[in-house]
Every structure is written in structure tokens, then in C-alpha cells.
Amino acid sequence: MDTLQDALTDVRDRWPEAAWLLSREDTGAIETLQVFETTLQRLSVPQRTAFLNGIPRNDEKDFAAKLRELVVYELLYRLKVHPTYHPRVYGDLSPDLSFLIDEKTFLADVFMSFTSSRILWPWDSRGSTDAGDKAKKIADRLSEKYTKYKKTGAPLVFFVFPGDHGVKPRDAELALYGASMGDPNLGENFPRKIQGLHTPGSFFLPDDNWHLIHEMVSAVVWCDWFYTKSMKDPGMRLNVLVYHHWNPSVSIAPGSFRPFSELVWKRAGDCWEPSQTQAPNLAARFVDDSKIVVRKYAANQPW
């Protein structure tokens, strides 16, 4: 395949997102395709060729996840943290991305979490049909990826996209900490109090012997890539929430993902206290070829 449009044309009859991206009637689709094409131009020729030839043709969820690798690359590029696409410096492993903060290299992998057997695209207002144990699904995927990449010895950051409307930030918080923002269990004597409750997921909590088991994960980043309800200015928006590990082996300084909201931790005796750096309802739009516009987003005040 020579271009993204060629690759999308090849699967447009299989995957609705490909057909949407090729639509000439939706200005949001036109803008999104331009963003993806800009991202691909940032990659080396071999990387670009590998991406185009590697677009999944047999699994719609894999196809969606592949495109979201570009979303994360573009986000990191515009945050000026020097991303590398599919670095090959870790033996037989090739994570989706790596990036640089404070002269430290972090490996990153991207995945989507679904509650439904079918994909609900960002412009689809239908709800999910399968409740499931959403937090546990996220925690299980994180554990799989941790097991895969821990042998690299490098600090890790995982990016989680909701695959449908049923998956919410609260599910990611439960998966990581065993409690969500606003729950007293997240702020009172953390992690001692919450550890005794044995909540589902709890990826960032220590084991029963109080040993940290996922301390190489510096943060997990929630990314909701959604279609705005604004009729005036249609297109995709990106909500980003950064969930820091409370006691990682390699920390990321608070503010490294500015202007997005980060859940950060401060030691208080033998416990830890959380706080948020920004309002969680910030949404971003990629504009021009290097800028991010970030504003508060609400359903009754979309932009």
C-alpha cells in the first residue's frame, strides 16, 4: 500500500470506521484523515510502510486499535515528548511506542477495552449491550501487557481507549486502585484500607504480602477519542486522564502531560494521598500540523 487512503479503501467494505474516514460529506472525517496522514508522514518510510501493510483485514477491533496507535503517537508528538513508533531495541519485543520524559525512556502500549461483542463507533449514540466486569477486563489486559514487557527492565506506560460507550474512566480507576475518584477508600489510608477490601482489578495495589507487583508501570493513560456533539465544528476530540502509580520504580513528574488532568500522589506518613492536577473534563483537538487546542467539554456545551 502506498497511502493511507489506499489501505482504507482496501477495507472500507469490511470496517465502518474505514468507510467513515473516506467519507467526503463529513468534515470531521476529512479532518481526522488529514491528522492520520500527517502522523504517518512523521514516521520513517519503513515504519510507514509497515503500518500500512499491517492494517488488520480480519478483525475489526484490531483495526480500530491500530488507528489508535496513531492517535497516541500524535498526542505524544504534540506534547513534545519525542515518541518513536514501534521501537526495535528490546530484543524480540516491539512495543507500540516509546517516548522520552526528563531524559528517561518509557515504553508504551495501546489497547482498547470493550464491554460489547460489537464495536460502537465514536459517532454512534447506542449504548453497550453487555455489562460485564469492566474493571477486571481492563486489569487483566494490563497484567498481560506487564508480563509481556517487564523483562525489558524499562518503565512502562499503557494507554487505554474505551471500545464502546459502556467503558468509563471510573472503570479504569477501579481497575487500577480498587476505588474511583470521590470514593473515600481512595483517599483514606491508601493503600492500606483499600487493600483489605480485595476489590476486582486493583492493578496498582500490592499483593497480600504487601509486595509491589506492577511497580514498573509508571502510569496508565485513559484516552477517549470521541466525536463531538457540536454541530458547528464537527470532528474528533480526545479526553486524556493520566493515572500515576502511587509508588512506581520510575516516576513521571506531575505536569509532564500538561495541560491534561493527572491523578498524582503525595506521601503522608506510611500512606499516600491522591489529587488531580486539572479538571477531568478537558478535551483536545489536533489543529494545524503541531498544535493542540484544549478546552472543557460538556454534553450541554460541546465544542
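Residues numbered from 1 in each chain as written. Predicted model: local features only at pLDDT ≥ 70, side-chain atom pairs only at ≥ 80, totals over all residues. Heavy atoms only, no water.

Novice: Got a minute to help me understand helix 4 (residues 45-53) in this structure?
Specialist: Count 3.6 residues to each turn of an α-helix, and residues three or four apart come out pointing the same way. Among the residues of helix 4, those classed as buried are R48, F51 and L52. Buried residues of helix 4, seen end-on, are gathered within an arc of 95 degrees and therefore sit on one face of the element. Residues of helix 4 that are buried make contact with helix 1 (4-11), helix 3 (27-42), helix 5 (60-78) and strand 1 (84-85). (Buried < 20%, exposed > 50% of the residue type's maximum accessible area, 1.4 Å probe, protein only. Helix = DSSP H or I, 4+ residues; strand = E, 2+ residues; numbered from the N terminus. Arc of directions from axis to C-beta. Contact = heavy atoms within 4.5 Å.)

Novice: Honestly, unusual backbone geometry in this entry has me stumped. Any pointers?
Specialist: Glycine aside, a negative phi is what most residues show, and trans is what most peptide bonds show. The omega angle of the peptide bond from F190 to P191 is 0 degrees, so this bond is cis rather than trans. Tracing the chain through its elements places P191 in the loop between helix 8 (184-187) and helix 9 (192-195). In this model, R258 is joined to P259 through a cis peptide bond whose omega is 15 degrees. When you line up the elements, P259 lands in the loop between strand 6 (236-244) and strand 7 (261-268). Phi is positive for H82, close to 55 degrees, though the residue is something other than glycine. Inspection of the secondary structure puts H82 in the loop between helix 5 and strand 1.

Novice: Explanation requested: the packing of helix 6 (residues 134-149) against helix 7 (residues 169-177) in the structure shown.
Specialist: Two measures define how a pair of helices packs: the angle their axes make with one another and the distance between the axes. Packing of helix 6 against helix 7 brings their axes to within 8 Å, and their N-to-C directions diverge by 55 degrees. For the element pair helix 6 / helix 7, the angle class is oblique. The interaxial crossing formed by helix 6 with helix 7 has right-handed handedness. Taken together, the residues of helix 7 that come into contact with helix 6 (itself represented by K134, A135, I138, A139 and L142) are D171, A172, L174, A175 and L176. Across the contact of helix 6 with helix 7, the residue classes tally to eight nonpolar, no polar and two charged. (Axes fitted to C-alpha atoms, helices over the stretch in contact; angles between N-to-C directions. Parallel < 35°, antiparallel > 145°, perpendicular 65-115°, else oblique. Left-handed = near helix turned anticlockwise from the far one by under 90°. Nonpolar A, V, L, I, M, F, W, Y, C, P; charged D, E, K, R; others polar.)

Novice: I'm lost on the pattern of salt bridges in this one. Help?
Specialist: Where side chains of opposite charge bring their charged atoms close, a pairing between them can arise. Summed over the entire model, instances satisfying the criterion amount to 12 salt bridges. Its salt-bridge partner being E17, residue R68 comes within 3.3 Å of it at the nearest N-O pair. Within this pair, whereas R68 is found in helix 5, its partner E17 is found in helix 2 (residues 16-21), the two being separated by 51 residues in sequence. With a closest N to O distance of 2.5 Å, D233 and R285 form a salt bridge. Within this pair, whereas D233 is found in the loop between strand 5 (217-227) and strand 6, its partner R285 is found in strand 9 (residues 282-287), the two being separated by 52 residues in sequence. Taken together, the shared-partner salt bridges in this structure form one network comprising E31, D233 and R285. (Salt bridge = Lys/Arg side-chain N within 4 Å of Asp/Glu carboxyl O.)

Novice: Looking at this structure, I do not really get the packing of aromatic side chains. What am I missing?
Specialist: What characterises a pair of aromatic rings is the spacing of the ring centres plus the angle enclosed by the ring planes. Summed over all chains, the structure comprises 17 aromatic pairs. Ring centres 6.3 Å apart and planes at 70 degrees place the aromatic pair Y177 and Y243 in the edge-to-face group. In this pair, Y177 is assigned in helix 7 and Y243 in strand 6, connecting sequence segments 66 residues apart. Residue Y177 is classed as buried on the basis of its relative accessible area of 0%. Looking at Y243, the relative accessible area reads 1%, which means it is buried. In this structure an aromatic cluster arises from ring pairing among Y146, Y177, F190, F203, F204, Y243, W246, W265 and W272. For the cation-ring pair, R42 lies above Y77, with the distance from its terminal atom to the ring centre recorded as 3.7 Å. Here R237 stacks its cationic end above the ring of W303, 4.7 Å away from the centre of that ring. (Phe/Tyr/Trp six-rings, centres within 6.5 Å; stacked < 30°, edge-to-face > 60°. Lys NZ or Arg CZ within 6 Å of the ring centre and 35° of its normal.)

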